[in-house]
Amino acid sequence: MAQTTQKNYKIKNKKHLPFLFVIAFLLAFVTTPSEGKLSEAEILLKFSQSLKYDGNPFSTWNANVPPCVKGNNKPNWNSLFCEGGMVYGLNLENLGLSGTLDVDTLKELPNLRTISVLSNNFEGSLPPLNKLTALKSAYFSNNKFSGPIDGKTFEGMNSLKKLHLANNQFTGQLPPIFGELPKLVELNVQNNKFEGPIPSSLSRLYFSAFQGNDGLCGPPLTKSCNEEAPKKQESSSVWKIALIVVVVVAVIGLIAIVLITRRKKNNSQREVTLGSSNLSPTTHEPKLASVDLNKMEQGQAAASPDRSNDGKRAEQGQKLLFLKDDIEKFDLPDLLKASAEVLGSGVFGSTYKAALSTGPVMVVKRFRHMNKVGKEDFHEHMRRLGRLSHKNLLPVLAFYYRKEEKLLVFEYVNNVSLAVYLHGNSKSRGNQSLDWPTRLKIVKGVAKGVLYLYNELPSLTAPHGHLKSSNVLLTETFEPVLTDYALLPVVNIEHAQEHMISYKAPEYKQSGKINRKTDVWTLGMLILEILTGKFPSNLLGKGSHDTDDLASWVNSVLGEDSSKEEVFDKEMKGTQDCEGEMMKLLKVGLSCCEADVEKRWDIKEAVEKIEEVKEKGAAGDGDFFSSVDASDETDMHNSR
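Small disclaimer: the values here were computed from a predicted structure and weren't measured.

I would appreciate a short explanation of the UniProt feature "binding site: ATP" (unreviewed entry) in the protein in the present structure.
With numbering matched to this structure, UniProt assigns "binding site: ATP" (unreviewed entry) to K365. With respect to the helices, strands and loops of the structure, K365 is situated in strand β18 (residues 361-367). Look at K365 and you get buried, because its relative accessible area is 13%. Sequence-distant contacts of K365, that is, excluding residues within four places in its chain, are made with S350, T351, K406, L407, L408, F410, T483 and D484.

Below, the structure is given as structure tokens:
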């Protein structure tokens, strides 16, 4: 009996063996969820295999090194944005890439929020971006993408905020889904081959650009969407219309003759003033009377505008386009009648202070090297700058466009530039020198302003592009205010390459290109200039053979034990117990001036390091000269 029971028990358990095996397998699978899952490094390396390129743009992509520094926003690999030690974005701009964008692999990156492939050689249709459902910004401009855009490409992208597709070869109509993306605020599709009406739902966008698509029509473009041409008229109707046209043309001709006769008579009796400037026969834009602008820049008011019909017409055409709604409006004739004071003349043109009769004081900049940018592109870029708002940026209030020259109107800052305080004589700055706390305040304000430009203008290669001490104004409380920022897209390229500070960076000398870290280099040079009081020699325009610069000089001084104190400006007061922090900021400046772009900090890390500098170090820090060891000096010297 016992034997029978034992036998039945064994048989019964054998029947359950398959079920137990399945349960054990499932438990093993559940308890090891990460097994078989690719790491971020493996995902990125797999993604890069679908790309084609010359050279080795991914030289730092190493499977043995994590892409991002753990718990930090600093990437170990180039062409990445990191946040909290995870890959946040891909910055694949200007790398000569082609091939396939493998979004099936990229979708495995859990924190990917932005991707930029600006200025490469990608062709064909857009990849199915809807597989990257968490994407917030996508920059695909300046490539060779073509064909119509399938609306399914963007289905479900409820987080997408910014989409740039400019300067490609897209055709067909704009997908209606663009207007259905709930968070989309920025769309740039200019210079393609789109056609048809612009969806009215896109009028809600914060920024949009549709120019350069000859087939597009409807607001905000001036080209209206006409209905289909009417059916062929009956022959009798055609003759009636032809007769009416002949009569109308004859009447218009008589009126034109009378008007021309009167105009010649009036012109012979009229003095040349800005208000009576002629209208261009091709563009119907008023021609600026350069003589009056020249008088204004010499501190003389322009003549009162002619109040004849022609003068009124010209004056009405001379409209300043305002970018801010909370300021008093005025027109160009009002500006040119104001009393003027010359503030300076730089590489772009003249700058003068204009006191309007109604009270406000404005600064007007006259630009003469922007004549290769089209009117619509210039207007669009100015509107984009008008939306910027930061305490360390001088806001653009209004602008005036004419092909030969442009005017930008700014608020007046009642102080002088940083350059005057650093390099002007004692009389020009009121016998006042900048102490250490003030200089640190200026550096931190400049850094915040540059970081803001990087965040708000992600499509620009160098969001400031012309950072130097004369372009940093100081308020009465010595708060720095940046000027001449974000002008690279509208300045003639040959003029920019010759004069703008970004093109003095070592990467331009080496490769003929600037990049997203170029502004970091200019920030570093400015920090060294502020601390040493010396003007950067490589900005003096001594010629391409001149390789000496301020960073090299600082490194050479730090290498001489007997003269370390000579590195700082002797007029910088308030340095007691501050030497350690001053040295810390000096090392930040040198790191920003790193000639190797791959080793140079990005703007976020530079700002973080600047924010860590304090006016005074902790008690017991001691003298900074004795606290710097030989290895620190070697690192700073090798950074060049």
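Next, the rest of the story.
I tried to follow the environment of V450 on my own but got confused; where do I start?
Residue placement: V450 occurs in helix α10 (residues 436-456). Note on V450: relative accessible area 1%, which makes it buried. Between the C-alpha atom of V450 and that of P463, which follows or precedes it by 13 residues, the distance is 7.6 Å. Setting aside anything within four residues of it in sequence, one finds V450 in contact with L467, L482, D519 and I603.

Explain helix α15 (residues 579-592) to me, please; I cannot follow it from the model alone.
Here α15 spans 20 Å end to end across 14 residues, near enough to the 20 Å set by a 1.5 Å rise per residue. By the burial criterion, the buried members of α15 are E581, M582, M583, L585, L586, V588, G589, L590 and C592.

What am I meant to see in α10 here?
Along an α-helix, residues three or four positions apart point the same way, because every turn accommodates 3.6 residues. Here α10 contains 21 residues, and its C-alpha end-to-end distance of 31 Å stays within 8% of the 30 Å for a straight helix at 1.5 Å per residue. For α10, a buried count of 16 out of 21 residues is recorded, marking the element as mostly surrounded by other parts of the structure.

Looking at this structure, how should I read the pairing of strand β8 (residues 144-147)?
A regular strand carries its side chains on alternate faces of the sheet. Where strand β6 (residues 123-124) lies against β8, two bridges are found, and the strand directions are parallel. Within β8, the position partnered with G124 by the bridge is F145.

Got a minute to help me understand the nonpolar core in this structure?
Most often, soluble globular proteins have nonpolar side chains that are buried together. Membership of the largest hydrophobic core comes to 87 residues, with the highest contact counts inside it found for F378, L418, W436, V446, L585 and L586. Take this core: its biggest share by element is 11 residues, from α10. When residues of this core are sorted by domain, at least three fall in each of domain 2 (320-412) and domain 3 (416-618). The next biggest cluster of nonpolar side chains, apart from the first, holds 51 residues, and it includes F58, L97, L106 and F154.

Help me understand the packing of aromatic side chains in this model?
The description of two aromatic rings rests on the distance between their centres and on the angle between their planes. Scanning all chains against the criterion turns up 13 aromatic pairs. Relative to Y401, the ring of F378 lies with its centre 5.6 Å away and its plane at 50°, an arrangement referred to as tilted. With a gap of 23 residues between them, F378 in helix α8 (residues 375-386) and Y401 in strand β19 (residues 396-401) connect regions that are remote in the sequence. Judged on exposure class, the residue F378 and its partner Y401 are both buried. Cluster of aromatic residues (ring-pair linked, three or more members): F122, F140, F145, F170 and F194.

What counts as what
Residue numbers run consecutively from 1 along every chain, following the written order of its sequence. Predicted model: local features are reported for residues with pLDDT of at least 70 only, side-chain atom pairs are reported and counted for 80 or more only, and whole-chain, interface and lining totals are derived from all residues. As a rule here, side-chain values cover all heavy atoms of the structure and leave hydrogens and water aside. UniProt positions are given in the numbering used here, feature names are shortened, and annotations may be inferred rather than shown by experiment. To qualify as a helix, a DSSP run of H or I must reach at least 4 residues; to qualify as a strand, a run of E must reach at least 2; elements of each kind are numbered from the N terminus. Under the scheme applied here, a residue whose accessible area is under 20% of the maximum for its type counts as buried, over 50% as exposed, and between as partly exposed, the area being computed with a 1.4 Å probe on protein chains only. Contacts between residues were defined by any pair of non-hydrogen atoms, one from each residue, lying within 4.5 Å. Given the number of residues in a helix, its expected span is that number minus one, multiplied by 1.5 Å. Two strands form a pair only when DSSP identifies at least two bridges running between them. In plain words, nonpolar cores are sets of buried Ala, Val, Leu, Ile, Met, Phe, Trp, Tyr and Cys residues tied together by side-chain atoms within 4.5 Å. Here the bounds of each domain stem from an automatic or database domain assignment. Between the rings of Phe, Tyr and Trp (Trp by its six-membered ring), a pair exists once the centres lie within 6.5 Å; its type follows the angle of the planes, with under 30 degrees stacked, over 60 edge-to-face, and the other angles tilted.

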